[in-house]
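# Per-entry structural report
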Amino acid sequence: MKTLLVEDEKRIADFVCAGLREQGFSVDHCDNGNEGYERAAAGSYDVIVLDIMLPGRDGLSVLKGLRRAGNATPVILLTARNELDDRIEGLNLGADDYLAKPFFVEELVARIHALVRRISGERQNVLAVGGLRLDRITREVAWQGQTVDLTGREFNLVEYLMRAPGRVFTRTQILEHVWGYDFDPSTNIVDVCIQRIRKKIGVDRDGESPIEAVRGVGYRFRKLKADA
Amino acid sequence: MPPASPFQPRDLAALAATELFRDASAETLALVREHASVRDLAAGEILLSPALPNQHIYLLLAGALALRFDSPQAPEVRELLPGVSVGEMSIIDDAPPSAYVIAKVASRVFPIHRDLLQRLIAGSNPVARNLLRLMSQWLKANTRHIAADQNQIRRLTATIREVSAQGLDQRIPTTGEERDFAELIGVFNEMLERLERSFKQAARFSGDAAHELRTPLTILQGRLEQALHAVPSGSAMQVQLAGILDEVRRLSSISQKLLLLAQADGGRLSLRRERCDLTAALRDLAEDARMLAPALRVDTAIAPGLAVAADGGLLRQALHNLIGNAIKYNLADGWLRIDAAATDAGIKVRVANASLGIAAADRALIFERFHRTEAARSRGIAGSGLGLGLAREIARAHGGELTLDDSAGGETVFSLTLPSP
């Protein structure tokens, strides 16, 4: 997926670029609004990640210019959380999503995937790994052919882990994605929710749950042995 | 301000008192003590204080001896009042036997027992009598100003009350009816100015601090996340990094709350209002509560289809905070109850929990920033002390209110009211 990152703070741009590339994105980066606009207008990007505070044209002006010129590339705005005026203006100007700083790259990746899926007409609705099958539209879940009834939070959690089998997600990354609001990081709600999911799903022929705990860190979706 | 008077009341009072008591018999002095309570005043002081309990007037008689005359209770006294004008001090000769000598000061009436005063100023002492008359004239002249000033003070008080309700950016006009108090108003306005300035500085400081922290926090969190995924899964290093990441999130969360509170203080907590499904949000939160606290009994009575026009993120944050507290400050094997319904006064959400009760000293401070109850500290309950204050600000920014209800012992109840959409 071809991504343009417009972010002036080099140290932020560094880890965002690295994180996105690690997850298979191709990333172009520029550090000011003028160049950002030129590149965005000229290039054919799948998605643009745009900081608001930029030297040269600011992020909102870049966005406005693109939309006025008929460029409909999906845009995710990076903004301070609850810099609400910016957020409201951004959404009115045609941003497709926004992400508050500080953010997890993992969350940015999830948002980009969701956005591109939405824009491209919801092609990848069904996620299937191992014996677990999950339909993002109907929100139906099946484990080895048997329907599993998950609550909203449980569904979102499984979907988040399933997106990258074998990759470990920390409790705070999961909290941020599934619950969204400020939880005390010492909460055990993620562990409880995982236990409930595991109980509902059950185990495979080898007696293993598709969701693995990584002690002291978090959880991951079991990678298929063939892929390992 | 009253015009300069040739009669200084304290001199007159001192003179009158000296004259009154020059020939006073032991019997008269005993009567004075019987009919008047004695209070220490500076020499010569006349205290006209309608603010004192029971509308007392203190009249200094000699040295540190003062008489206190109580306001009228007897019906016959009230009947006499229309005949006495403001500021007048006179003996009413045709009063009923139990009646009083009446002084009217600033439209309030102070009776002096007739027998007492008649004995004091029995015709044998014309000097004292004349002095009293002078005092009476002085009172008459001056209490008119006092009465007028009192009206102005009442208006000024109303204006100040309005100012403090509307915010520190308000000023009292120095023109108009209050012009006599121009100097006082000027000083008050200057004080408001200084208050507003330092308040803004304080608000801006925490706002700026939170703002400045954002970039380093973003970098820190991003780099930690990067490192976390770079080290072997489940390694000791990964466990360490996950732990540090938790603390960075905690730091971000506090910084975020400070920023929101600073915005609320500056009246800039702008909301992105959208239609929010309150019923669904509360059901999710109740589900969370059951997951977080399996030992608690969680009951709900959430009316279906409740919707509000609110900033969904902030509203959920406030509700999450209330329910989080209800769990944290619960009893072992206690209970938690979430009620929500539409009422005439708007949509009301009630979060109740079993508790040891909240100490009276804490009730008043519970919404204060960084306030943590002694009970919370001693029980080692984690928290920043910012959540409830922020929840209240969020409620108010939506045109609602968050209150701690009076409740029976053994439970704590918070009520959140939001305007109907």
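Everything below is about the structure printed above this text.
Criteria and thresholds
Residues numbered from 1 in each chain as written. Chains lettered and ligands numbered in written order. Predicted model: local features only at pLDDT ≥ 70, side-chain atom pairs only at ≥ 80, totals over all residues. Heavy atoms only, no water. Helix = DSSP H or I, 4+ residues; strand = E, 2+ residues; numbered from the N terminus. Buried < 20%, exposed > 50% of the residue type's maximum accessible area, 1.4 Å probe, protein only. Contact = heavy atoms within 4.5 Å. Areas by Shrake-Rupley, 256 points an atom, 1.4 Å probe, with all protein chains shown as cover. Buried area = accessible area lost by both parts, 1.4 Å probe. Salt bridge = Lys/Arg side-chain N within 4 Å of Asp/Glu carboxyl O. Polar contact = N/O pair within 3.5 Å; in protein donor to acceptor, adjacent residues only side chain to side chain. Nonpolar A, V, L, I, M, F, W, Y, C, P; charged D, E, K, R; others polar. Expected span 1.5 Å × (residues − 1). Core = buried A, V, L, I, M, F, W, Y, C linked by side-chain atoms within 4.5 Å. Domains from an automatic or database assignment. Axes fitted to C-alpha atoms, helices over the stretch in contact; angles between N-to-C directions. Parallel < 35°, antiparallel > 145°, perpendicular 65-115°, else oblique. Left-handed = near helix turned anticlockwise from the far one by under 90°. Pairing = 2+ DSSP bridges.

## Describing the overall build of chain A
Regarding its fold elements, chain A presents eight helices and twelve strands. Here chain A, with 228 residues, has 55% of them falling under the buried criterion. Long-range contacts, defined as pairs at least 24 residues apart, comprise 55% of the intrachain contacts of chain A with a sequence gap of at least 6. Put simply, chain A shows about 9800 Å² of open surface, and 45% of that area lies on carbon and sulfur atoms.

## Quick word on the interface of chain B and chain A
Counting from both sides, the interface comprises 44 residues of chain B and, opposite them, 47 residues of chain A. For the pair chain B and chain A, the two sides together bury roughly 4200 Å², of which 57% comes from carbon and sulfur. On the chain B side of the interface with chain A, the three residues burying the most area are H229, R249 and M291 of chain B, jointly 16% of the side's total. Between the two partners, chain B and chain A, sit two salt bridges. The partner of D288 of chain B in a salt bridge is R153 of chain A, with the nearest N and O atoms 2.8 Å apart. Applying the counting criterion to the chain B and chain A interface returns eleven residue pairs in polar contact (both at pLDDT 80 or more). Elements with a minimum of two residues in the side of chain B that touches chain A: α6 (182-230), α7 (236-265), α8 (278-292) and α9 (312-328) of chain B. Residue contributions to the side of chain B that touches chain A peak at 14 residues, all from α7 of chain B. Within the side of chain B that touches chain A, the residues separate by chemical class into 14 nonpolar, 17 polar and 13 charged.

## Things to note about α7 of chain B
Here α7 of chain B spans 44 Å end to end across 30 residues, near enough to the 44 Å set by a 1.5 Å rise per residue. Of the residues one or two after α7 of chain B, G267 of chain B is the one with positive phi, at around 70°.

## Some words on the environment of N156 of chain A
Residues and elements named next belong to chain A. One can find N156 in helix α6 (residues 152-162). You can call N156 partly exposed: its relative accessible area is 24%. The sequence separation of N156 and R136 amounts to 20 residues, and the corresponding C-alpha distance is 9.4 Å. In this structure N156 touches R139, H177 and V178, once residues within four positions along its chain are discounted.

## Let's talk about the environment of A332 of chain B
With respect to the helices, strands and loops of the structure, A332 of chain B is situated in the loop between α9 and β11 (335-343). On a C-alpha basis, the gap between A332 of chain B and L296 of chain B in space is 7.5 Å, while along the polypeptide they are 36 residues apart.

## Describing the nonpolar core
Residues L278, L282, L402 and L416 of chain B are the most contacted members of the largest nonpolar core, which totals 45 residues. The element best represented in this core is α9 of chain B, accounting for eight residues. Of the domains in this structure, domain 2 (182-265) and domain 3 (274-418) of chain B are the two that each give at least three residues to this core. The residues touching L278 of chain B, leaving out its near neighbours within four places in the chain, are L306, A307, V308, L315, L319, I347 and V349 of chain B. Membership of the second largest hydrophobic core comes to 33 residues, among which are V141, L157, L175 and I211 of chain A.

## Overview of the packing of helix α1 (residues 10-22) of chain A against helix α5 (residues 105-119) of chain A
Residue and element names in this part refer to chain A. In contact at an axis separation of 10 Å, α1 and α5 are set at 55° when each is read in the N-to-C sense. Here α5 runs oblique to α1, going by the angle between their axes. Regarding α1 and α5, the two cross each other, and that crossing is right-handed. Listed contacts from α5 to F15, V16, G19 and L20 of α1 are V105, L108, V109 and I112. Residues belonging to the contact of α1 with α5 are distributed by class as follows: seven nonpolar, one polar and no charged.

## Digging into the pairing of β11 of chain B
All names here are of chain B. Pairing between strand β9 (residues 297-302) and β11: six bridges, direction parallel. Bridge assignment links I302 to a residue of β11, and that residue is A340. Here β11 pairs with strand β12 (residues 346-354) via eight bridges, running antiparallel. Of the residues in β12, the one forming a bridge with A342 is I347. Linking two consecutive strands that pair antiparallel, namely β11 and β12, is a turn of two residues.

## Details of the environment of Q263 of chain B
In this structure, Q263 of chain B sits in helix α7. As a C-alpha pair, Q263 of chain B and E393 of chain B span 130 residues in sequence and 9.7 Å in three-dimensional space.

## Structural notes on the sheet that holds strand β13 (residues 401-404) of chain B
All names here are of chain B. Read from one edge of the open sheet, five strands run β9-β11-β12-β14-β13, paired in mixed fashion. Looking along the sheet, the strands with just one partner apiece sit at the ends: β9 and β13. On average, adjacent strands in this sheet sit at an angle of 10° to one another, irrespective of strand direction. Sheet analysis places β12 next to strand β14 (residues 411-418), joined by eight bridges and oriented antiparallel. By the bridge assignment for β14, N353 is matched with T412. The sheet strands contacting α8 are β9, β11 and β12, and the helix crosses β9 at an angle near 175°.

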